[in-house]
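Remarks on the overall topology
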Amino acid sequence: MPVKRRVSKRRSFTLTPEVSAAFEAGDQLALHRALGLKPWQPSPLRDDLEGPAPYGPPELCWNQARPLVAGIRKVILMANRKSRRDLANANPR
């Protein structure tokens, strides 16, 4: 009897302490390696990834990867905000 395959809900990347440290340090190479991004994918450090690409045709690999990397950037920023908030709540002044 055929079984319907389930779509994995797992992300294509994993948030690790290395990812957070590289993002906060602004180290593009370490961040690319920690996330396993391809060389043609833009860096999540860029803040101009939302919306249409300002240059080049939309068929470029770099322009096609922009929405994915923008999502990764949002997840990293939310995780960093959450960890800062948790630290602030754990150490009240």
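Cut-offs used in this document
- Residues numbered from 1 in each chain as written.
- Predicted model: local features only at pLDDT ≥ 70, side-chain atom pairs only at ≥ 80, totals over all residues.
- Heavy atoms only, no water.
- Buried < 20%, exposed > 50% of the residue type's maximum accessible area, 1.4 Å probe, protein only.
- Helix = DSSP H or I, 4+ residues; strand = E, 2+ residues; numbered from the N terminus.
- Arc of directions from axis to C-beta.
- Polar contact = N/O pair within 3.5 Å; in protein donor to acceptor, adjacent residues only side chain to side chain.
- pLDDT = per-residue confidence, 0-100.
- Core = buried A, V, L, I, M, F, W, Y, C linked by side-chain atoms within 4.5 Å.

Bringing helix H2 (residues 28-35) into the picture now. Every buried residue belonging to H2 is among Leu31, His32 and Leu35, and all of these are buried. All buried residues of H2 fall inside an arc of 100° around its axis, so they share one side. Away from the buried face of H2 by more than 90 degrees, exposed residues Leu29 and Arg33 are located. Sitting at the amino-terminal end of H2 is aspartate 27, which places a side-chain oxygen 3.4 Å from the backbone nitrogen of leucine 29.

In the predicted model, the protein chain carries a mean pLDDT of 83, and the fraction of residues at 70 or more is 86%. Averaged pLDDT values for the elements of the protein chain fall to 84 in helix H3 (residues 61-90) and rise to 93 in H2.

Our next topic: helix H1 (residues 17-25). For the α-helix, the turn length of 3.6 residues means that residues three or four positions removed from each other point alike. Among the residues making up H1, those that are buried are Val19, Ala22 and Phe23. Taken around the axis of H1, the buried residues stretch over an arc of 100°, which confines them to a single face. Turned more than 90 degrees away from the buried face of H1, the exposed residues are Pro17, Glu24 and Ala25. Where H1 ends, the next residue or the one after it, glycine 26, has phi of about 75°, a positive value.

Attention now goes to the nonpolar core. Grouped together as the largest cluster of nonpolar side chains are 9 residues: Phe13, Val19, Ala22, Phe23, Leu31, Leu35, Leu37, Ile72 and Ile76. Of all the elements in the fold, those that place two or more residues in this core are H1, H2 and H3. Looking at which element gives the most residues to this core, the answer is H1, with 3 residues.

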